[in-house]
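Architecture and fold: a report
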Amino acid sequence: MFVVKNAWKSVTRNKGRNMLIIVIVTIIAAAATIGLSIRQAAATARSSGLDNTTVTAQISLDRGKLISESREQSKSDSDSSDASAKPDFDAMRSALADKQFSLADYQKYAKASSAVKSTYYMETTGLAATDDFQPVTDSSGSDSSSSSGSSNMKDSSDTAGTDNGNRQDEQPGVPDGQMGDVAGSKDGAGMVSGDFSLIGFSSDEAVANASNGSFTMVKGKVFGYDASSDGDAIISKSLADFNDLKVGDTISVADVNDSDTTYKLTIVGIYKNSTDSNQQLGGPMRSTASDPANAIYTSVSTLKSMELDADSDSNSAAQLNYTYVCSSKSDYETFAKDVKKAGLGNDYTVSSADVENYESSLVPLDNLSKFALTLLVVVLAVGAVVLVVITLLNVRERKYEIGVLTAIGVNKIKVAAQFTLELLIVTMIGLAVGAGVGAVASVPVSNQLLASQIEQQQSQQSSQREQFGRNMDKPGDPNGDAAATDSSGSGNSNGSANTRQSNDTKPQQPRQNGPDGMMGRAVDYVSSVNTTVDLKVVGQLLLVGLGLTLVAALVAVVFVLRYEPLQILADRS
């Protein structure tokens, strides 16, 4: 009780010095509160940002690994040490072809995990124009249109056939070297030969995630998915207007390899793309089949009846995209573990464009978190040094008081405890004030710093595009740089980030074909953060305050224990 009374009297008596300590601790506490809140928000966003959001998953063939292994095996078989020796292309193609998944393979892994909420898939193949049914083209694309159904397309189809029918271009969201065979890639199929792309869907969920993006029906209705609807299809309004077609008409399309083989489809609906129907791949890869306006939608049952599905031996160029839908990121991680247990080989990987896109959106927040950690360390280090110096001066000023107390019989340990208690009282007051200031300032300060990080990230991307000297987006493209980012956010919780991820169960709309499909759309970064100070931050702040107090008090204890009372009094006289 003696120690407590003396400590409180000393605190109230030395107001100036203690006010200085309170101000210093307040600044430290406010900075620490903001830094801790930012770090907690970043950790929460990464760990639970997708907990209530539907996540799609894909099984991908690691082509890079297979090609590398085949190349090494080829060198070993030929006993050649020449690094420039011509690789065995046939062996590499064979290795890739043997690893392709069929529809049954994908379905097997869907049944292997209870974390799969639903599945859907789409199959894409190319068709050629006939005299009565022509693709939508502009003047610059007429040449590609006229040649798309000829021998060039046959060559392309033959090339696709080397991969056993599941050939795909590299998809966004797949690690480097893992090109193609991306089950259910949300960016749709790769390049399709021919004049039209015929896309078969397994369900309404697959249609909602069409590779060409969202669309609305303007006439008729969407086809069914069973055998009774075989031959039913819907076409774009642009394609219908170009060929003067209406609901109920029948169209005739040809096989890309054999113009004498034709297929009949009945138009049951006409749709309109929600995005620019003229978006398509530019440059040497341009083809009319890649234009969303030339996409014909039907059911996978129709493709099977026409023997144009991916499992058909007669159509080696068909592409199968299979998607697994999970209710959350944790379910996605469970699915990845389950399929490995079910026998998925090391030549395959499980990936999610949703997860990878979300993690990419956290880059500015992660950078801000690193900055906050650096700031926190610097502030605490400087604050600790300042407190130690002030405590040292305080002890030296009160040296005579220490000598008197110890001379009249007060234990040195009690004197040291008094100094420690004084510092603790003042520090706790500063922490309380600093926590309040930090709580008020954390949200606006954090969002301002985050906005700066986002601007810096976008500036780097813009600089990179300028450095390459080209931009595949067309002038006036609604998905170009003008729409690169959206600063709005929705849904927040304590210590969590606001993002455009919705909490409903519908998978996010995929990116479009064309420039966006090739280069990937600009990342929609996490644009705001709700750094609310909760009990966890308060607890961490309390530990910070206790740590600073102990460091400063240790100096006081050391000096108090070193002092000899008689020597102090003698020096005083």
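These numbers come from a predicted model, not from an experiment.

**A closer look at helix H1 (residues 2-13)**
Look at H1: 16 Å from first C-alpha to last across twelve residues, which is about the 16 Å you get at 1.5 Å a residue. Taken as a whole, H1 has its buried residues at Val3, Asn6, Ala7, Ser10 and Val11. Projected down its long axis, H1 shows its buried positions confined to an angular sector of 135°, all on one face. Turned more than 90 degrees off the buried face of H1, the exposed positions are Trp8, Lys9 and Arg13.

**Regarding the nonpolar core**
The nonpolar side chains of soluble globular proteins are, as a tendency, buried together. Core analysis: the biggest nonpolar cluster contains 40 residues, and Ile59, Tyr324, Phe335 and Leu344 have the highest contact counts within it. Residue contacts for phenylalanine 335: discarding those within four places in its chain leaves Ala57, Tyr109, Ser113, Ala115, Val116, Tyr324, Cys326 and Val350. Formed by 24 residues, the second largest nonpolar core is a distinct cluster that contains Ile24, Ile28, Ile390 and Ala553.

**What about the pairing of strand E5 (residues 232-236)?**
Counting buried residues in E5 gives five out of five residues, a clear majority hidden from the surface. Here E5 runs beside strand E8 (residues 295-299); their pairing, made up of two bridges, is antiparallel. Of the residues in E8, the one forming a bridge with isoleucine 234 is tyrosine 297.

**Some remarks on the confidence of the model for the protein chain**
On average, residues of the protein chain score 75 in pLDDT, and 71% of them are at 70 or above. Across residues 139-189, where pLDDT falls below 50, the model places 138 contacts with residues more than four positions away in sequence or in other chains. Note that pLDDT drops below 50 for residues 472-521; the model gives that stretch 126 contacts with residues more than four away or on any other chain.

**Notes on a nonpolar patch on the surface**
A contiguous nonpolar surface patch, about 270 Å² in accessible area, is contributed by Val385, Val389 and Leu393. In this structure leucine 393 comes out as partly exposed when scored by relative accessible area, which is 49%.

**Structural notes on the pattern of salt bridges**
By the definition in use, this model includes five salt bridges. Across the pair lysine 237 and aspartate 241 runs a salt bridge, and its minimum N-O distance is 2.9 Å. Of this pair, lysine 237 and aspartate 241 both sit in helix H9 (residues 237-243), separated by four residues, roughly a single helical turn. The exposure class of lysine 237 is partly exposed, given its relative accessible area of 37%. Notably, a salt bridge pairs arginine 398 with glutamate 422, separated by 2.7 Å at the nearest N-O pair. Within this pair, whereas arginine 398 is found in the loop between helix H13 (363-397) and helix H14 (399-407), its partner glutamate 422 is found in helix H15 (residues 412-468), the two being separated by 24 residues in sequence. By relative accessible area, arginine 398 is classed as buried at 6%.

**A short note on the packing of helix H2 (residues 15-48) against helix H17 (residues 535-562)**
For any two helices packed against each other, the geometry comes down to the angle between their axes and how far apart the axes lie. Contact geometry for H2 and H17: axes closest at 10 Å, N-to-C directions at 140°. It follows that H2 is oblique to H17 by the angle criterion. In terms of crossing hand, the pair formed by H2 and H17 is right-handed. Contacts from Ile28, Ala29, Ala32, Thr33, Leu36, Ser37 and Gln40 of H2 reach H17 at Lys536, Val537, Gln540, Leu541 and Leu548. Of the residues assigned to the contact of H2 with H17, the class counts are seven nonpolar, four polar and one charged.

Thresholds, definitions, all that
Residues numbered from 1 in each chain as written. Predicted model: local features only at pLDDT ≥ 70, side-chain atom pairs only at ≥ 80, totals over all residues. Heavy atoms only, no water. Helix = DSSP H or I, 4+ residues; strand = E, 2+ residues; numbered from the N terminus. Expected span 1.5 Å × (residues − 1). Buried < 20%, exposed > 50% of the residue type's maximum accessible area, 1.4 Å probe, protein only. Arc of directions from axis to C-beta. Core = buried A, V, L, I, M, F, W, Y, C linked by side-chain atoms within 4.5 Å. Contact = heavy atoms within 4.5 Å. Pairing = 2+ DSSP bridges. pLDDT = per-residue confidence, 0-100. Patch = residues over 30% accessible without salt bridge, like charges linked within 9 Å, V, L, I, M, F, W, Y side chains within 5 Å. Areas by Shrake-Rupley, 256 points an atom, 1.4 Å probe, with all protein chains shown as cover. Salt bridge = Lys/Arg side-chain N within 4 Å of Asp/Glu carboxyl O. Axes fitted to C-alpha atoms, helices over the stretch in contact; angles between N-to-C directions. Parallel < 35°, antiparallel > 145°, perpendicular 65-115°, else oblique. Left-handed = near helix turned anticlockwise from the far one by under 90°. Nonpolar A, V, L, I, M, F, W, Y, C, P; charged D, E, K, R; others polar.

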